[in-house]
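Given next are the chains, with one letter for each unit.
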Amino acid sequence: MKKVVKFGGSSLASAEQFRKAGSIIRNDSARRYVIPSAPGKRNPDDVKVTDMLYQCYKQAILDDDMERDFEEILAQIKQRYDEIIEGLNLSLSLDDEFKLIRENFCKKVGRDYAASRGEYLNGIIMAAYLDYTFIDAAEVICFDANGDFDAERTNDTLTARLKDIDCAVIPGFYGSMPDGKVKTFSRGGSDITGSIAARAVQADVYENWTDVSGFLIADPRIIPNAKTIDVITYRELRELSYMGATVLHEDAIFPVKKAGIPINIRNTNRPEDKGTLIVEATCQKPRFIITGVTGKKDFASITVEKAMMNAEVGFCKKVLEVFENNGVSIEHMPSGIDTMTIVVHQDEFQEKEQKVIAGIHRAVEPDFLELESDIALIAVVGRGMKATRGTSGRIFSALSHANVNVKMIDQGSSELNIIIGVRNHDFEEAIKAIYDIFVTTQL
């Protein structure tokens with residue numbers, strides 16, 4: 001059996017956390033391939049090493065007057081790693097690595113290189129601590145000349161590299177372009193590296209160790225002690241991640257989904273917890289009708305009304321082209337016989353709103369056009385909803401009892417999710433009402 005295990009920044013923030021991760025790995029011989037993140041926060045007031053690296057590089061490239069600040073931050077970063085090394089009683093020195101980093105920062109090699117050093121250095125420490133082979137991600141994670149991830153080339157390269165290596169540490173978050181320049185994924189991209197490695201070695205499971213015991217049905221900041229999701233499908237996870245759930249980088253799904261490999265979200269501080277299992281499909285019935293409820297604030301809606309618009313060929317296309325031509329992306333588009341509503345991110349839309357309004361008038365000559373702002377979108381997601389009668393009715397009954405006015409409803413044909421629009425100020429109350437009706441009352 002083969003497992004790929006990825007540890008997040010909070011799981012590797014100190015020597016104490018490193019020891020926890022090491023114990024987890026050593027307790028299961030199947031955990032043969034390890035993907036470390038950069039050290040995260042040791043406490044709420046601490047700073048992540050990646051953020052320190054960004055700041056250090058910023059000071060390095062400004063001018064000579066900032067050299068003292070650059071040196072001070074670099075020394076602080078080195079101290080973080082030295083404390084981990086000392087706490088693990090390792091006979092390891094990163095002096096040469098930091099000398100090279102300093103030289104490259106002064107050469108202005110790029111922000112991606114700077115950010116990647118957090119994972120790179122933690123990978124060296126982890127490999128020494130476990131006595132595993134260290135593989136620089138720049139040698140096996142491939143981006144093309146445009147900076148886009150090259151999935152197939154990476155899979156071929158990494159598969160060949162790991163073929164005869166029983167145990168390895170591969171830093172997360174970064175790879176390289178054809179010219180050798182370091183390129184990073186977006187923040188949280190170590191999750192993607194773990195998924196890529198799991199596909200390459202055809203792992204039985206990809207374990208993603210973090211500081212929570214899996215996905216929660218709702219945001220714990222809104223619902224204290226929210227219940228954990230036992231099993232969730234890739235499709236459900238995509239819906240929840242898109243609308244704000246952030247335990248796992250949403251792009252981490254694709255490599256393992258292609259290979260049919262499940263992801264297990266686990267808690268480094270509570271290794272006895274089973275966490276959440278993410279799978280392509282399952283016969284296992286969910287504990288509750290809904291799998292999760294989440295959402296985001298600060299959307300705007302533009303409602304276009306015109307009599308007989310349904311009979312006007314190309315009407316929707318003309319309206320959507322106005323948004324496209326102004327570089328505004330669309331989130332949702334519920335519609336009726338004579339109306340269509342376009343929901344967009346408010347901050348992206350505001351500076352272009354008058355151009356969009358004028359463009360719509362020119363394109364389709366609407367009878368009426370209305371703008372609404374400060375809208376929150378809530379996604380109620382669950383594979384159990386399709387087989388359950390009255391789900392929508394229960395949602396709206398709960399919202400009514402909570403005195404929450406529904407501004408918009410958008411349900412996909414798959415019946416996997418229902419999107420509800422409410423006012424920003426009603427967002428938390430709406431989440432609580434939906435959680436209570438489907439979870440609290442069922443316990």
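Basis of the calculations
Residues numbered from 1 in each chain as written. Predicted model: local features only at pLDDT ≥ 70, side-chain atom pairs only at ≥ 80, totals over all residues. Heavy atoms only, no water. 1 Å grid on protein atoms, 1.4 Å probe; cavity = no way out; pocket = protein on both sides within 12 Å on 5 of 7 lines; lining within 4 Å. Points joined across faces, edges and corners; volume = space filled by probe spheres on them. Helix = DSSP H or I, 4+ residues; strand = E, 2+ residues; numbered from the N terminus. Nonpolar A, V, L, I, M, F, W, Y, C, P; charged D, E, K, R; others polar. Phe/Tyr/Trp six-rings, centres within 6.5 Å; stacked < 30°, edge-to-face > 60°. Lys NZ or Arg CZ within 6 Å of the ring centre and 35° of its normal. Core = buried A, V, L, I, M, F, W, Y, C linked by side-chain atoms within 4.5 Å. Buried < 20%, exposed > 50% of the residue type's maximum accessible area, 1.4 Å probe, protein only. Contact = heavy atoms within 4.5 Å. Expected span 1.5 Å × (residues − 1). Pairing = 2+ DSSP bridges. Axes fitted to C-alpha atoms, helices over the stretch in contact; angles between N-to-C directions. Parallel < 35°, antiparallel > 145°, perpendicular 65-115°, else oblique. Left-handed = near helix turned anticlockwise from the far one by under 90°. Salt bridge = Lys/Arg side-chain N within 4 Å of Asp/Glu carboxyl O.

Asker: Before we move on, can you summarise the layout of surface pockets with the specific residues and values?
Answerer: Space inside the largest pocket adds up to approximately 1,400 Å³. Lining the largest pocket are 47 residues, and of these Thr210, Asp211, Thr246, Val247 and Leu248 sit closest to its centre. For the lining of the largest pocket, the secondary structure elements donating two or more residues are helix 7 (190–200), helix 8 (234–242), strand 11 (292–305) and helix 14 (427–438). Ranked by residue count, the leading element in the lining of the largest pocket is strand 11, at five residues. Of the residues contributing to the lining of the largest pocket, the split by class is 18 nonpolar, 18 polar and 11 charged. Taken together, 16 residues make up the lining of the second largest pocket; nearest its centre are Thr233, Arg235, Thr282, Arg383 and Leu416. Considered class by class, the residues forming the lining of the second largest pocket number five nonpolar, five polar and six charged.

Asker: Before we move on, can you summarise the packing of aromatic side chains with the specific residues and values?
Answerer: All told, the structure shown has 10 aromatic pairs when counted by the stated rule. A centroid spacing of 6.5 Å and a plane angle of 75° characterise the contact between Phe18 and Tyr129, whose relative ring orientation is edge-to-face. In this pair, Phe18 sits in helix 1 (residues 15–26) while Tyr129 sits in helix 5 (residues 111–130), placing the two residues 111 residues apart along the sequence. By the ring-pair criterion, three or more aromatic residues cluster together here, those being Tyr57, Phe70, Phe105 and Tyr113. Geometry around Tyr120 places Arg117 over its ring, the cationic atom sitting 4.3 Å from the centre. Here Arg117 stacks its cationic end above the ring of Tyr174, 5.4 Å away from the centre of that ring.

Asker: With reference to specific residues and values, describe the nonpolar core.
Answerer: One finds Phe105 and Ile434 to be the most contacted residues of the largest nonpolar core, which totals 117 residues. A total of 10 residues in this core trace back to one element, the largest contributor, which is helix 5. Setting aside its immediate chain neighbours within four residues, Ile434 contacts Ile290, Val293, Ile378, Val380, Ile395, Leu399 and Ile420.

Asker: Give me the lowdown on helix 14, citing residues and values where you can.
Answerer: Helix length check: helix 14, at 12 residues, gives a terminal C-alpha distance of 17 Å against a target of 16 Å (1.5 Å per residue), a fit within 8%. Within the span of helix 14, buried status applies to Phe427, Ala430, Ile431, Ala433, Ile434, Tyr435 and Phe438. Buried positions along helix 14 lie against strand 11, strand 13 (368–381), helix 13 (391–401) and strand 15 (417–423).

Asker: If you had to explain the sheet that holds strand 7 (residues 205–210) to someone new, which residues and values would you point to?
Answerer: The strand order across the open sheet formed by eight strands is 3-4-2-1-7-9-10-8, and the pairing between neighbours is mixed. With partners counted over all chains shown, the strands left at the sheet margins are strand 3 (133–134) and strand 8 (231–233), one partner each. The pairing of strand 1 (residues 3–7) with strand 2 (residues 31–36) spans five bridges and is parallel. For Lys6, the partnering residue across the bridge sits in strand 2 and is Ile35.

Asker: Can you explain the pairing of strand 7? Please cite residues and give values.
Answerer: Of all the six residues making up strand 7, six are buried; the element is thus mostly covered by neighbouring parts of the structure. By the alternation rule, side chains of strand 7 split into Val205, Glu207 and Trp209 and Tyr206, Asn208 and Thr210, which are all buried. By the bridge criterion, five bridges tie strand 1 to strand 7 in an arrangement that is parallel. Paired with Val5 across the two strands is Glu207, which belongs to strand 7. Examined bridge by bridge, strand 7 and strand 9 (residues 263–267) share five bridges and lie parallel to one another. If you follow Thr210 over to strand 9, its bridge partner there is Asn267.

Asker: Tell me about the side chain of His249, and name the residues and values.
Answerer: Mapping His249 onto the fold places it in the loop between helix 8 and helix 9 (253–259). Other than its neighbours up to four places away in sequence, His249 contacts Ser186, Arg187, Gly188, Gly189, Asp191 and Ile192.

Asker: Which residues make up the packing of helix 10 (residues 315–325) against helix 12 (residues 353–364), and what values go with them?
Answerer: It is at 9 Å that the axes of helix 10 and helix 12 come closest, and there the two elements cross at 155°. Compared by their axis directions, helix 10 and helix 12 come out roughly antiparallel. For the crossing formed where helix 10 meets helix 12, the hand is right-handed. Between helix 10 and helix 12, the contacting residues are Phe315, Lys318, Val319, Val322 and Phe323 on the first element and Val356, Gly359, Ile360, Ala363 and Val364 on the second. The residue inventory of the contact of helix 10 with helix 12, partitioned by class, reads eight nonpolar, one polar and one charged.

Asker: How would you sum up the pattern of salt bridges? Please name residues and give values.
Answerer: Here the idea is simple: oppositely charged side chains can pair when their charged atoms come close. With the rule as written, the count across this model stands at 28 salt bridges. In this structure, Arg31 and Glu207 form a salt bridge, with 2.7 Å as the shortest nitrogen-oxygen distance. Linking Arg31 in strand 2 with Glu207 in strand 7, this pair joins segments that are 176 residues apart in sequence. Given the relative accessible area of 8%, Arg31 is considered buried. Relative accessible area serves as the criterion here: at 2%, Glu207 is assigned to the buried category. The salt bridge involving Lys258 is made with Glu152; its shortest N-O contact spans 3.4 Å. With a gap of 106 residues between them, Lys258 in helix 9 and Glu152 in helix 6 (residues 151–162) connect regions that are remote in the sequence. Take Glu152: its relative accessible area is 39%, and that puts it in the partly exposed class. A cluster of three or more residues bridged by salt bridges with shared partners is formed by Lys3, Asp28, Arg31, Glu207 and Arg266.

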